[in-house]
Amino acid sequence: MAYQRSNIGASLNKKRKVGLVKKIGAYFIFILFFISLAVLGLTKDQVRIKNIVVTGNSSVSTENILKLVEVEISKVYLWIIPTDNIILLREAEIENEILNTFKKIGTVNVYVHGIDKIEIAVTERESKNLWCKGATADIKVCYYMDSNGFIFEEAPNFSESAFPEYFGLIKDQNPVGQLYLKDNFKNISSLYITFKKMSFSPKYFNAVDEHEYEVYLVGGGKIILNDKRSFVSSLVNLQALVDNGYIKNDIESLKKIKYIDLRFGNKVNFELKTSL
């Protein structure tokens, strides 16, 4: 009897295993069928992206942006699943690729219109400043920077530029894509503007390092300062020199300035040229 019960138990276990294998096989076939339907649906012409519109660009070619987008949407998942449809559209990858390729572009947004159209809306960076490499002299190669200090493209040669010029810090042969002075650039830019308002006629700005700076004046002199103390305090001390008659800021008087050193708190050192 015990032998018979053992045979019955083994037979039941075998049946359970066979049933489990069949069930797993059925699930697998169902999943495979569902995936096949999904892939078939995603490859249908009706749901694929056919119309790509680029807006907001002016100097960056629409054709070049479209080529990049078309490359991105031609990629596939798992070697077979297309991404050129609204469901699997890789918006983040498209946006990042455009930003990495076209430094002139500052922002990108991908918008979906219907089931077969997308809009690539871009904004281009505005040229607000120049960063120049080489010596702080007439022979230089300059690049456009935006208001955040982001360098985005080489500028033509200017005999006289309407943009503030910045030098220093960046050593790379190609500075495009880099930030000048990073988080401190807006403060530096405001400082440059303030010197203009104070009639000191700044010609260009040079960063000796990340904390010490030189502002060269039209007359050939320079103002030296650092960020160990607030720029507001440095400007107050500079204005005090003018108010007390030690320094004049008309054009002819500016030519006499050799340097003004604002790095030492209320102790301001300056020197005038002995001859012009």
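Structural data are supplied above this passage.
Because the structure is predicted, anything quoted here is derived from the model rather than measured.

**Observations regarding the sheet that holds strand β5 (residues 117-124)**
Alright, step 1. Strand order across the open sheet formed by three strands is β1-β5-β4, with mixed pairing between neighbours. Single-partner strands in this sheet number two, and they are β1 (51-55) and β4 (105-113). Each adjacent strand pair in this sheet contributes to an overall mean axis angle of 20°, direction not counted.
Alright, step 2. As judged from the five bridges shared by β1 and β5, these two strands associate in the parallel manner. What sits directly across from Thr 55, in β5, is Ala 121.
Alright, step 3. Sheet strands touched by helix α2 (residues 62-73): β1, β4 and β5. Its angle to β1, the strand with the most contacts, is close to 135°.

**Things to note about the state of the cysteines**
Alright, step 1. Per the stated rule, a full pass over the model turns up one disulfide.
Alright, step 2. Across a sulfur-sulfur distance of 2.0 Å, Cys 132 and Cys 142 are joined as a disulfide pair. Across the S-S bond of Cys 132 and Cys 142 the torsion is about 100°, and the bridge reads as right-handed. One end of the pair, Cys 132, is in strand β6 (residues 129-133); the other, Cys 142, is in strand β7 (residues 141-145), and 10 residues separate them in sequence. Each member of the pair, Cys 132 together with Cys 142, is buried.

**Describing the environment of Phe 158**
Alright, step 1. Among the secondary structure elements, Phe 158 is positioned in the loop between β8 (151-154) and β9 (165-167).
Alright, step 2. A residue is classified by how much of its surface remains accessible, and Phe 158, at 34% relative accessible area, is partly exposed.
Alright, step 3. Separated by 16 residues in the primary sequence, Phe 158 and Cys 142 have C-alpha atoms spaced 8.9 Å apart.

**Re the nonpolar core**
Alright, step 1. Grouped together as the largest cluster of nonpolar side chains are 33 residues, with contacts concentrated most on Tyr 166, Tyr 180, Phe 200, Phe 205, Ile 223, Leu 238 and Ile 260.
Alright, step 2. Of all the elements in the fold, those that place two or more residues in this core are β7, α4 (185-197), β10 (202-207), β11 (212-217), β12 (222-226), α5 (231-243) and β13 (257-261).

**Describing the pairing of β7**
Alright, step 1. In terms of burial, β7 is largely enclosed, as four of its five residues are buried.
Alright, step 2. Pairing analysis gives five bridges linking β6 to β7, with the strands arranged antiparallel. Residue pairing across strands places Trp 131 opposite Tyr 143, the latter belonging to β7.
Alright, step 3. Bridge count for β7 against β8 is three bridges, and the pairing is antiparallel. What sits directly across from Met 145, in β8, is Ile 151.
Alright, step 4. Taken together, β7 and the strand that follows it, β8, pair antiparallel across an intervening segment of five residues, in which Gly 149 is found at a positive phi of about 85°.

**Structural notes on the pattern of salt bridges**
Alright, step 1. Per the counting criterion, the structure on display carries 10 salt bridges.
Alright, step 2. In this structure, the salt-bridge partner of Lys 75 is Glu 72, at a minimum N-O distance of 2.9 Å.
Alright, step 3. In this structure Lys 75 comes out as partly exposed when scored by relative accessible area, which is 35%.
Alright, step 4. Taking the relative accessible area as the measure of exposure, Glu 72 reaches 5% and is therefore buried.
Alright, step 5. For Lys 128, the salt bridge goes to Glu 126, with nearest N and O atoms at 3.7 Å.
Alright, step 6. Looking at Glu 126, the relative accessible area reads 54%, which means it is exposed.

**Examining the layout of surface pockets**
Alright, step 1. As a volume, the second largest pocket reaches approximately 210 Å³.
Alright, step 2. Looking at the second largest pocket, it is lined by 13 residues, and the ones nearest its centre are Leu 169, Leu 179, Leu 181, Lys 182 and Glu 210.
Alright, step 3. Class assignment for the residues of the lining of the second largest pocket results in five nonpolar, three polar and five charged.

**Observations regarding the packing of α4 against α5**
Alright, step 1. Across the interface, α4 lies against α5 with an axial gap of 11 Å and an inter-helix angle of 15°. It follows from the interaxial angle that α4 and α5 lie roughly parallel. Here α4 runs over α5; the crossing is right-handed. Residues Asn 187, Ile 188, Leu 191, Thr 194 and Phe 195 of α4 form the contact with α5, whose own contacting residues are Phe 231, Leu 235 and Leu 238.

About the criteria used
Residues numbered from 1 in each chain as written. Predicted model: local features only at pLDDT ≥ 70, side-chain atom pairs only at ≥ 80, totals over all residues. Heavy atoms only, no water. Pairing = 2+ DSSP bridges. Helix = DSSP H or I, 4+ residues; strand = E, 2+ residues; numbered from the N terminus. Axes fitted to C-alpha atoms, helices over the stretch in contact; angles between N-to-C directions. Contact = heavy atoms within 4.5 Å. Disulfide = S-S within 2.5 Å. Buried < 20%, exposed > 50% of the residue type's maximum accessible area, 1.4 Å probe, protein only. Core = buried A, V, L, I, M, F, W, Y, C linked by side-chain atoms within 4.5 Å. Salt bridge = Lys/Arg side-chain N within 4 Å of Asp/Glu carboxyl O. 1 Å grid on protein atoms, 1.4 Å probe; cavity = no way out; pocket = protein on both sides within 12 Å on 5 of 7 lines; lining within 4 Å. Points joined across faces, edges and corners; volume = space filled by probe spheres on them. Nonpolar A, V, L, I, M, F, W, Y, C, P; charged D, E, K, R; others polar. Parallel < 35°, antiparallel > 145°, perpendicular 65-115°, else oblique. Left-handed = near helix turned anticlockwise from the far one by under 90°.

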